[in-house]
Amino acid sequence: MPLFRDMLHADESLLKNEQVLDFDYQPKLVKYRESQQFAIADCMKPLFNKRDGDNVLVYGTSGIGKTLACKHILQELEQETDAIIPIYVNCWEHNTTYKIALNICEQLQYPFTPNKKGVELFQKIAERLNKKSAVFVFDEIDKAEDFDFLYFISEKIFRNSIVLITNFKSKLFSMDKRLRSRLFLEFVEFNKYTFEETRGILQERVDYAFFKDVWTKEAFDLAVQKTFEMGDIRCGLLILRKAGKLAENESSRSIEVNHVEKILDKVDKYAVKGSSDLDGETRNILHLIRDNSGSTIFDVFKMYQKKKGKLVYRSFYRKVKHLELNKYVRIKKIYGGKKGNTSIVEYLGL
Ligand SMILES: Nc1ncnc2c1ncn2[C@@H]1O[C@H](COP(=O)(O)OP(=O)(O)OP(=O)(O)O)[C@@H](O)[C@H]1O
Ligand SMILES: [Mg+2]
């Protein structure tokens, strides 16, 4: 009886290139975002003629290609010319003028940063950048605690374009009026992908990440439908990966509807990165764990508090447990260490 014919052997896999499903993976082309990319690139065009560029606010909900499209523009810029320096800063990770200055120095490979104040660092940055032109992308700009760096750039760096990215257009309007009128922002909206666009994006990932024909049509249709309903491509990437892994674990040679159904409750927007504050909080905690992988949960909590995280320890801990449940992080108990029993948290990647 061919009892095991359709079963995978231990060394077989359905996934040929799992990396393609990483959130940070940069596809060669950013489909369906051409018009937004042209609008943003337009703001940078004057820089090619050694004139000052325009500034732009990019806004839209989570997981719809804002970061991807802007990073893609920076890459193209870098390939096109040496005369314009691309700088990308994530303002959740670098949320004050000082930290942003340090990060930009790092990108410019300016090593003499110790004991220098933010203003001094920005003077050094200006000295370097004013020999050329610069494009700045400040992602998650609503997470920045002050905007002094924007004043500084618009005053001291002669030829630049600033791109601000946010989920919350309205929050930016609480930015002080003087700064807003100085930046004179253009607006570029990213809308949600249509059903067909969602399908196109996921199909491309399936083609690169999985061996041919392992997804049944019904299972893929369900993955597309659910991603479209959630309105967030990150959820789609997780569905593809988790369903694929589940099918592999069951030694199945194809990914069926039941695999997708089984993992759907583990792929709520809350676990990934959503538009509400709650969702954002979970993701922020995940970023902290990623950057401090191997620390104790309590130490990560202290860092979270330093970054003005508002949750009390118990709620924070619940979110870490949730991340563990969804296999973003691993919690290891260490018994009888120097500080007695502790729990260490490690980042597992996305
Ligand atoms: N057009 C596209 N083609 C291929 N992949 C895409 C496309 N749009 C989004 N993605 C993928 O979806 C995920 C989310 O995109 P991105 O990080 O750009 O979202 P975002 O709009 O910046 O969301 P957030 O506001 O939460 O930061 C990424 O992994 C990205 O590669
Ligand atoms: Mg983003």
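Residues numbered from 1 in each chain as written. Chains lettered and ligands numbered in written order. Predicted model: local features only at pLDDT ≥ 70, side-chain atom pairs only at ≥ 80, totals over all residues. Heavy atoms only, no water.

A separate point is the overall build of the protein. The number of helices and strands found in the protein is 14 helices and 7 strands. At 22 Å, the protein has a C-alpha radius of gyration in line with the 20 Å of a compact globule built from 350 residues. In terms of overall dimensions, the protein has C-alpha extents of about 75 × 55 × 35 Å along its principal axes. Looking at the 350 residues of the protein, the share that counts as buried comes to 49%. (Helix = DSSP H or I, 4+ residues; strand = E, 2+ residues; numbered from the N terminus. Rg over C-alpha atoms; globule rule 2.2 N^0.38 Å. Buried < 20%, exposed > 50% of the residue type's maximum accessible area, 1.4 Å probe, protein only.)

Moving on: the confidence of the model for the protein. Put simply, the protein has an average pLDDT of 88, and 91% of its residues get 70 or more. Between residues 274-278, whose pLDDT stays under 50, and residues either more than four places distant or in other chains, the model counts 11 contacts. (pLDDT = per-residue confidence, 0-100. Contact = heavy atoms within 4.5 Å.)

Considered domain by domain, the protein is made up of domain 1 (18-22 + 193-267), domain 2 (34-189) and domain 3 (273-347). The straight-line distance from the C-alpha centre of domain 2 to that of domain 3 is 30 Å. (Domains from an automatic or database assignment.)

Let us now look at the sheet that holds strand S5 (residues 185-189). Spatial ordering of the open sheet is given by S2-S3-S4-S1-S5, a layout of 5 strands whose pairing is parallel. Because the sheet does not close on itself, it has two edges, and the strands there are strand S2 (84-90) and S5. With direction set aside, neighbouring strand axes in the sheet form an average angle of 15 degrees. Here strand S3 (residues 133-139) pairs with strand S4 (residues 160-166) via 5 bridges, running parallel. Paired with Phe136 across the bridge in S4 is Ile162. Where helix H2 (residues 66-80) meets the sheet, its contacts fall on strand S1 (55-59), S2, S3 and S4, and the angle it forms with S2 comes to roughly 155 degrees. (Pairing = 2+ DSSP bridges. Axes fitted to C-alpha atoms, helices over the stretch in contact; angles between N-to-C directions.)

Looking now at the packing of helix H13 (residues 297-306) against helix H14 (residues 313-325). Between H13 and H14, whose axes approach to 11 Å, the crossing angle comes to 115 degrees. Classified by chirality, the crossing of H14 by H13 is right-handed. Residues Ile297, Phe298, Val300, Phe301 and Tyr304 of H13 pack against Tyr313, Phe316, Tyr317 and Val320 of H14. Residue composition of the contact of H13 with H14, by class: 9 nonpolar, no polar and no charged. (Left-handed = near helix turned anticlockwise from the far one by under 90°. Nonpolar A, V, L, I, M, F, W, Y, C, P; charged D, E, K, R; others polar.)

Using the criterion set out here, one finds 15 aromatic pairs in the structure. Connected via pairs of aromatic rings, a cluster forms that spans Phe298, Phe301, Tyr304, Tyr313, Phe316 and Tyr317. We note Arg234 situated over the ring of Phe23; from NZ or CZ to the ring centre the distance is 5.8 Å. Across from the ring centre of Trp92, 5.3 Å away, lies the NZ or CZ of Lys307, which sits over that ring. (Phe/Tyr/Trp six-rings, centres within 6.5 Å; stacked < 30°, edge-to-face > 60°. Lys NZ or Arg CZ within 6 Å of the ring centre and 35° of its normal.)

Let us look at the packing of helix H8 (residues 195-209) against helix H10 (residues 233-249). Packed helices, taken two at a time, are described by the angle between their axes plus the distance between the axes. Close contact between H8 and H10 brings their axes to 11 Å; oriented N to C, the two are set at 40 degrees. Crossing of H8 over H10 shows right-handed handedness. Counting all contacts with H8, which are made through Thr198, Ile201, Leu202, Arg205 and Val206, the residues of H10 involved are Ile233, Gly236, Leu237 and Leu240. Taken together, the residues that form the contact of H8 with H10 break down as 6 nonpolar, 2 polar and 1 charged.

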